[in-house]
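Working through the structure, step by step
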2 protein chains.
Amino acid sequence: MTQLIYTFAEGNMNMRDLLGGKGANLAEMTNLGLPVPHGFTITTEACHNYQASHHLSADLLSQLDAAIEKLNRDTRKKFNDDQNPLLISVRSGAKISMPGMMDTILNIGLNDCTVQALAQLTNNERFAYDSYRRLLAMFGNVVYGIEEGAFDQVLTDIKERKNYHSDLDLTISDLKAIVAQFKQLYLRSARGEFPQDPKEQLLAAITAVFKSWNNNRAKIYRRENNIPETLGTAVNVQEMVFGNAGRDSGTGVAFTRNPATGEKALFGEYLQNAQGEDVVAGIRTPEDVSVLKNEAPYLYKQLAETAEKLETHYRDMQDLEFTIEHGKMYLLQARDGKRTPDAAVKIAVDLVNEGLITKAEALLRISPDSVSTMLHPEFDQAEMDDQEILTTGLPASPGAATGQAYFTASDAKQASDNGHQVVLVRQDTSPEDIEGMIVSQAIVTSRGGMTSHAAVVARGMGATGVVGANELSVNYETKQAKVNGHVIHEGDWLSVDGTTGNLYLGQIATTDASIKGDLSVLLDWAKEYAGMDVYTNADTPADFQKALEFDADGIGLTRTEHMFFKPERLLQMRRLILAEDVSGRKEPLSLLLQMQQDDFYQLYKLAGNKAVTIRLLDPPLHEFLPHDEKEIKMVSEQTGIAPEQLRERTAALKELNPMLGHRGDRLAVTFPDIYQMQVQAIITAVIRLYDEGQVVQPHIMIPLTDSKTEMSWVRKLVVDQIKVMLKDRDLKLQYTVGTMMEMPRACVTANQIAEVSDFFSFGTNDLTQLTFGYSRDDVGSFMPEYIKQGILPADPFQTVDIEGVGQLMKMAVDRGRQTNPELPIGVCGEVGGDPASINFFETIGISYVSCSPFRVPVARLAAAQAHIKA
Amino acid sequence: MTQLIYTFAEGNMNMRDLLGGKGANLAEMTNLGLPVPHGFTITTEACHNYQASHHLSADLLSQLDAAIEKLNRDTRKKFNDDQNPLLISVRSGAKISMPGMMDTILNIGLNDCTVQALAQLTNNERFAYDSYRRLLAMFGNVVYGIEEGAFDQVLTDIKERKNYHSDLDLTISDLKAIVAQFKQLYLRSARGEFPQDPKEQLLAAITAVFKSWNNNRAKIYRRENNIPETLGTAVNVQEMVFGNAGRDSGTGVAFTRNPATGEKALFGEYLQNAQGEDVVAGIRTPEDVSVLKNEAPYLYKQLAETAEKLETHYRDMQDLEFTIEHGKMYLLQARDGKRTPDAAVKIAVDLVNEGLITKAEALLRISPDSVSTMLHPEFDQAEMDDQEILTTGLPASPGAATGQAYFTASDAKQASDNGHQVVLVRQDTSPEDIEGMIVSQAIVTSRGGMTSHAAVVARGMGATGVVGANELSVNYETKQAKVNGHVIHEGDWLSVDGTTGNLYLGQIATTDASIKGDLSVLLDWAKEYAGMDVYTNADTPADFQKALEFDADGIGLTRTEHMFFKPERLLQMRRLILAEDVSGRKEPLSLLLQMQQDDFYQLYKLAGNKAVTIRLLDPPLHEFLPHDEKEIKMVSEQTGIAPEQLRERTAALKELNPMLGHRGDRLAVTFPDIYQMQVQAIITAVIRLYDEGQVVQPHIMIPLTDSKTEMSWVRKLVVDQIKVMLKDRDLKLQYTVGTMMEMPRACVTANQIAEVSDFFSFGTNDLTQLTFGYSRDDVGSFMPEYIKQGILPADPFQTVDIEGVGQLMKMAVDRGRQTNPELPIGVCGEVGGDPASINFFETIGISYVSCSPFRVPVARLAAAQAHIKA
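Conventions and cut-offs
- Residues numbered from 1 in each chain as written.
- Chains lettered and ligands numbered in written order.
- Predicted model: local features only at pLDDT ≥ 70, side-chain atom pairs only at ≥ 80, totals over all residues.
- Heavy atoms only, no water.
- Helix = DSSP H or I, 4+ residues; strand = E, 2+ residues; numbered from the N terminus.
- Buried < 20%, exposed > 50% of the residue type's maximum accessible area, 1.4 Å probe, protein only.
- Contact = heavy atoms within 4.5 Å.
- Areas by Shrake-Rupley, 256 points an atom, 1.4 Å probe, with all protein chains shown as cover.
- Lys, Arg positive; Asp, Glu negative; His and termini not counted.
- Charge placed at Lys NZ, Arg CZ, Asp CG, Glu CD.
- Pairing = 2+ DSSP bridges.
- Axes fitted to C-alpha atoms, helices over the stretch in contact; angles between N-to-C directions.
- Expected span 1.5 Å × (residues − 1).
- Arc of directions from axis to C-beta.
- Least-squares fit on C-alpha atoms with pLDDT ≥ 70 in both.
- Phe/Tyr/Trp six-rings, centres within 6.5 Å; stacked < 30°, edge-to-face > 60°.
- Lys NZ or Arg CZ within 6 Å of the ring centre and 35° of its normal.
- Buried area = accessible area lost by both parts, 1.4 Å probe.
- Salt bridge = Lys/Arg side-chain N within 4 Å of Asp/Glu carboxyl O.
- Polar contact = N/O pair within 3.5 Å; in protein donor to acceptor, adjacent residues only side chain to side chain.
- Patch = residues over 30% accessible without salt bridge, like charges linked within 9 Å, V, L, I, M, F, W, Y side chains within 5 Å.

This paragraph deals with the overall build of chain A. Per the secondary structure count, chain A includes 34 helices and 33 strands. Counting only C-alpha atoms and orienting by the principal axes, one finds that chain A spans roughly 105 × 60 × 55 Å. Looking at chain A residue by residue over its 870 residues, the buried ones come to 57%. Across chain A, the fraction of contacts at a sequence separation of at least 24, relative to all contacts at a separation of at least 6, is 68%. When the accessible surface of chain A is summed, it comes to about 35,200 Å², and 48% of that surface belongs to carbon and sulfur atoms. Positive and negative charge centroids in chain A, built from 83 and 116 side chains respectively, lie 3 Å apart.

As a further point, take the sheet that holds strand β22 (residues 486–489) of chain A. All names here are of chain A. Taken together, three strands build an open sheet; the order of strands is β20-β21-β22 and the sheet is antiparallel. Each edge of the open sheet is held by one strand with a lone partner, namely β20 (473–475) and β22. When the angles between neighbouring strand axes are averaged without regard to direction, this sheet yields 20°. Relative to β22, strand β21 (residues 480–483) is paired through four bridges, and the arrangement is antiparallel. Looking at the pairing, V483 lines up with H486 of β22.

It helps to recall that an α-helix has 3.6 residues per turn; residues three or four apart then point in one direction. All names here are of chain A. Its 18 residues give helix α12 (residues 297–314) an end-to-end C-alpha distance of 25 Å, which sits within 8% of 26 Å, the value for a rise of 1.5 Å per residue. The set of residues buried in α12 consists of L299, Y300, L303, T306, A307, L310, E311 and Y314. Buried residues of α12, viewed axially, fall in a sector of 130°; they line one side. Structural note: α12 exposes Y298 and K301 on the side pointing more than 90 degrees away from its buried face. Against the buried residues of α12 lie α1 (16–31), β8 (250–255), α11 (291–295), β11 (318–325) and β12 (328–336). One or two positions beyond α12, positive phi appears at R315, with a value near 55°.

Time to look at the side chain of N25(B). All names here are of chain B. Here N25 is to be found in helix α1 (residues 16–31). N25 sits in the buried class, given a relative accessible area of 19%. N25 has contacts with M13, Y314 and A334, leaving out every residue within four places of it along the chain.

When chain A is fitted to chain B, the residual RMSD is 0.4 Å, and the transformation amounts to a turn of 179° plus an axial shift of 0.2 Å. As the rotation angle and translation indicate, the two copies are arranged about a two-fold axis. Residue N657(A), judged by its C-alpha, is the member of chain A lying nearest the rotation axis, at 2.2 Å. Same-surface contact between copies: 100% of interface residues of chain A are shared with the interface of chain B.

All names here are of chain A. Using the criterion set out here, one finds 40 aromatic pairs over all chains in the structure. Ring pairing ties together the aromatic residues Y132, F139, Y144, F151, F182, Y186 and F194, which thus form one cluster. For R222, the ring lying beneath its charged end belongs to W213, and the centroid distance is 3.8 Å.

All names here are of chain B. Along the polypeptide, L589 turns up in helix α22 (residues 582–607). Judged by its relative accessible area of 9%, L589 falls in the buried class. Separated by 84 residues in the primary sequence, L589 and D673 place their C-alpha atoms 8.1 Å from one another. If we ignore the near neighbours within four places in the chain, the residues touching L589 are L576, D673, I674 and M677.

All right, on to the interface of chain A and chain B then. Chain A puts 45 residues into the contact, and the matching count from chain B is 45 residues. Here chain A meets chain B over a buried area of about 4,200 Å², counting both sides, of which 55% is carbon and sulfur. Of all residues in chain A, L660(A), R745(A) and I791(A) give up the largest surface area on contact with chain B, accounting jointly for 15% of the area buried on that side. One can count four salt bridges joining chain A with chain B. Linking chain A with chain B are 30 residue pairs in polar contact (both at pLDDT 80 or more), by the criterion used here. If you list the elements that add at least two residues to the side of chain A that touches chain B, you get α25 (665–670), α27 (708–726), α28 (744–748), α30 (764–772), α31 (783–788) and α32 (802–819) of chain A. When residues in the side of chain A that touches chain B are grouped by element, the largest group, six residues, is from α32(A).

All right, on to a negative patch on the surface then. All names here are of chain A. On the surface, E269, E287, D288 and E295 cluster together into a patch of negative charge. Of note, D288 is situated in strand β10 (residues 287–288). Given a relative accessible area of 45%, D288 falls into the partly exposed group.

Our focus in this paragraph is the pattern of salt bridges. One side chain can pair with another of opposite charge once the charged atoms of both are near each other. One pass over the structure, following the stated rule, counts 104 salt bridges over all chains. A salt bridge links K605(B) to E692(B); the nearest nitrogen and oxygen atoms lie 3.4 Å apart. Of the two residues, K605(B) sits in helix α22 while E692(B) sits in the loop between α26 (672–691) and β29 (699–702), which places them 87 residues apart along the sequence. Taking the relative accessible area as the measure of exposure, K605(B) reaches 41% and is therefore partly exposed. Look at E692(B) and you get partly exposed, because its relative accessible area is 43%. For K810(B), the salt bridge goes to D814(B), with nearest N and O atoms at 2.8 Å. Within this pair, K810(B) and its partner D814(B) are both found in helix α32 (residues 802–819), separated by four residues, close to a single helical turn. The class for K810(B) is partly exposed, based on a relative accessible area of 39%. Here the salt bridges share partners, and the residues they tie into one network are E561(A), R615(A), D618(A), R663(A) and D766(A).

Residue and element names in this part refer to chain B. Positioned with a positive phi, N273 is a non-glycine residue whose angle comes to about 45°. Structurally, N273 is set in the loop between β9 (267–272) and α10 (276–281). Of note in this structure, R315 is not a glycine but carries a positive phi near 60°. Residue position: R315 is located in the loop between α12 (297–314) and β11 (318–325). On the basis of relative accessible area, R315 is assigned to the partly exposed category, the value being 29%.

Okay, here's the thing in structure tokens:
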């Protein structure tokens, strides 16, 4: 005869297949010698039998009788007894926790007779009838399929008639009347009368659990979560215990460590003569669990010992539920406790120091994304209670900031120069707004997605950012923004939460954060365990400095175009683009050369011996040209070029799809002198540092490469320029020339391109755009619907699309390494700082990721986790 | 001793490796018994020896002596003889014809002594000295490296001094003076005196040929054309014969069939007592070769027999050069003759009928592109002589047309309505110009490439098109276009050649063309031999009718959006897009439904039992909205929507990169009712035809699919709509729902997508755009430079990029067929009508191509050739 029922004492943690997760857990705690209320688990095998035969087998029934008999003995109570009745709970419990199945029926064993026994036993008639009516409602709904609303209606009617405000106003006679009316509902149902026989209650409840495995909600949940249909569910039957059995009883919740700070100390709440639901109802305020220290020192000691035992056993901070019935403590549940990110880090580090877990385990326990929330200012929680949310956008760049609203980059800049704290509010932003963005505490846009220009720049700068707040209507003319009936005028105070996407009117105080203490220790361990380096995307010394504080291994991407948007440079850039021929480009190029040379010098100087990867000019030229009549007038005055001619040139450079246009290394082919100037600036900076005694190995990166022939052409342009500069110098310069991998064609022909590239670096933004045919700037109109409809599992600009984009990346890595097994391959696109993506990158052999400074610690931890898992 | 020299009698056609192409050919003709002047070939092996040792081996020298001895005997002349001197030519000849190497030195054997013998023998002292000075110049330049310009200068000086207009004015004494001065040039050169010894001339010439194998031009040519360095060149030494030896001599060129019409008859020209160069100089007009019929019937007979023999042997129309010296005919060269496309087709068909070649061979002999030139009107050649080219753009759509210039679609339409013949001249075109394009004879744009909107639409309509004529400056305000100092006003006559890209001022008459006669026979054979079907892209019954005349197998692509640009439809489309919600879309949708239903009905009716594939709406919605204030005003009046609201809605729909935006099946997800309407229209049309007794199997095509989940979603939308419509009908409808393959992601995940697609159809335009990251509309700014620099071998929108795009296509085919081995897979992008691309498609297993109506015959022939080759 197969064993279909296991007492908790017979099971253990490893029997999840047979006993389900909950059953195995209760068994494990029982075997730890902890005071778990007695009970047993009906196996998943019994469930399989039921699914095949649609009835409970004779085997099961006879084993069940024996198990109840044993439960009677163990509890010294008796099922269906009119003196000391045993009440039990019945709970489902599959291997994987699964909403959609029947959950719990409490108080089985109560009937018209045992309810009176319970009243006498607890000296609490109200409690006994309240328990009875709860059983009737739960059982009626879950087992007999009577609408929950029908039971609720009875309660509502009485409360209305008697003008009660809460269930707690119900008197004993009310409850008795309710019980009577609930029984009437049974009579009107298909299954008829409530079964007074506790045994019948139990069998019906077990059958209901088995049936619930196959209800629609459960099936859908399994399908959506890829849970095998064949698992089946176990059923847990357990003695009820009552914390409301008198003053020597009570109920509580305890954490083995402080879930807010991680401090090692018992932490929790206790309520005398009460049940868990009384705590929830909130009519009485629980006391600190330390109250037991005085009132029942032996119980407190037992609790502390239990906590210690559980932590040692489960090797993590635990969250326990316990009940004290007549001075005896019962443990109802123990599980890994939820905690704040700060606490999580402290606990993980402490557990390593206490020798309970390894560093690798500690690293795996911290969600990388939670690290991010530890690195940004937040609104002071004390001020948040009476704040009203003005509107909500996409949480583009975490943090919290407060400042005065300005609607143009130049107004923002001017206000900042005058000492104001600024929030830049725009429909959207473009590279020419960069000066205004730099000075802003926060950037808010009414359009665009998580990878729009505003979002990317905000994250890059570590500024708070909310984008796509589409209820916001921004009017540049009137310098106002309207939202939900409010009008924001220029200079009005605005507070922005980039972690939630919420906007608030007025000022809210913020609190600071940085890497220190335990987080710093953890990140050092992460560096030890990571299989790839973590670089940063940095365009300015300030960015880079920030990233170095976060221990970045170098720069994976410097976008040189951002350097051209400062006013004095923009003017030269415009003169360059507007020049009629090569000779007209000479002077602006030589001025830009001076400035770029210094940009690069500063970055290299900061880098010491860390890598700095500089990408040559990438965006289409027209981004630099004037966009409206006012700007045309200004540029005309600055350059002496007639407005008509400016208009013509701007129109000529305008493109229908600039993302797919004349940009990147295509500019190198048509305007070779621009790339030559940039290379000259790089080498000049390198020579200057060399003369100062610092050896720099420059990494030069070519954007938008499509083919080996193209890369060869551009590489030659770069190398020839370097040769010219080193001709008469006794300087053996080590340098590399690599390419972005961001065009699908480059991935497909990576074996050829690797012949002429010293490294690859995936530009996942462009690669994702081209693989899907999605413009980052335009997806807002349909992507939310795609995600809602389940057509896209997630935004592929946030987390790499493994099935599509990922396949092209894998192809590029495999083919590139086929040509050069040592080829360094990085990722410098948006997903370079995304943990799920980093996990994938580990599997395909990526050498490094590069992300915005504030993502460096996140990426580091994710890289360590990926490598440990691999 | 290795044989290093072969007389022509010893070689044959198959010895090209050893004798080179020319040598093998001369040998083959000799062995056919044709009267080839005697001679021999020095092998490529001798060339290898020379390259290794840098001198002519003793072996070679002794074999050369013997060969000259034999030549003396065979010709009954004698090398270096003062009575009857043998003159010879020395020519290089590699296996593959190769410009860049030394070509020819004529008249070797002349010196101060033999020149007099020649004068006496030919009774033509002028000819003898003219030959001598030519030898001196050719030999001096090619063998001694004396600048060609130095020889030219001597001639120029004399002509200026004597006030001559042409070389023919030179007298005998002038020529003698020139010979003397040429010899002076030798004395001033590094190598010194002209070698009077004919043997020395010969050895130096042979050495020069060997050396020329390794000169720079030859090396570059080999590198660019992938010709192996190891081939080496042979040297051909051949007796000179003279057609100017008297009245019983002459020279001629003959074709075995008429190269203009293909008619089977000897066709050519003959010039008595003359050499080939006299014909070129043009001082005497040659007579028709038939003149020989009377003057020398036996020679004419010999020529006719030679022609017959050559054609039978080479199995193709031949182009012969012959010389008659003292009544004896010599054949100097025979090769496959160049011919017009019309002649090529007639000859190929005739040769099959004559049993000389197979149908497959005939099919392989016609360039598919040449078929295209046979299908369009051309300018009457008689009128072309004094036409001056105004400017040249890209030859976007072949044909020739003449009409009056108009600069806007509406002006063009109005002029056409008033009975004018119209040429639409624009900077570029967009879908809203369609009505103006339809009425135009030709479309000219100043911007855009071969696949710009203007180009694609022009080809689709079979209208003549020239695009990217960037010297043209079009001003819509003044209604003028400026070009090279000319101003084209509205209404001015313009003539457009879409085959060459040339524009002309004024009217030029055109001639018509169509499929008939031999071309029709050839295309029937092509259908027999093709491995794939040829469908057409057709949006209107008129397009489709045209394609059916060209025997298209069905429609591979109907772009439904083009149907929405007629004014009454555009209005409804605008009302649809501007509606606030689903209910506001109902009325315009139902009106559009009526119109679409009729569109489809017409196409299906025409199709009979041929396939019609309808693609659901593809372009971004904002293309339908008003673009400027004038249009906004008009639409506001039509719809009653306030201009302000129109401006807002248009701005909201505007996209930064519309090609990557909210279009294709993304519209199905956000506006499902539009696709539902289109499906309803299709099924309504099908039912109507069913009721009329015609059974239609509709093929519905979904654009822009990225993933299986997306395709499933849209497929369900389509299928549900069909089910609703067929619910109460006794009609078992066979239909298919397939997807465009145009996103790289779709190619990569084709195995999954094939699970929910009944067919694939590659959209190579979008796929190429995304694989390269090139916008078709914007490539004009850099692609010409890319092609010029050799970074791109060709425009990938014209001919599929096999290495990149092709790999993704192959992946998609392989993965799709992995899921469904029977999956039909077509190509409906621009390259669907390109022969080189079709050749590639055959290798990866494409089932059908679809192209514009006028490309159908081209594609058919290309498909046949590809299948025969495979």
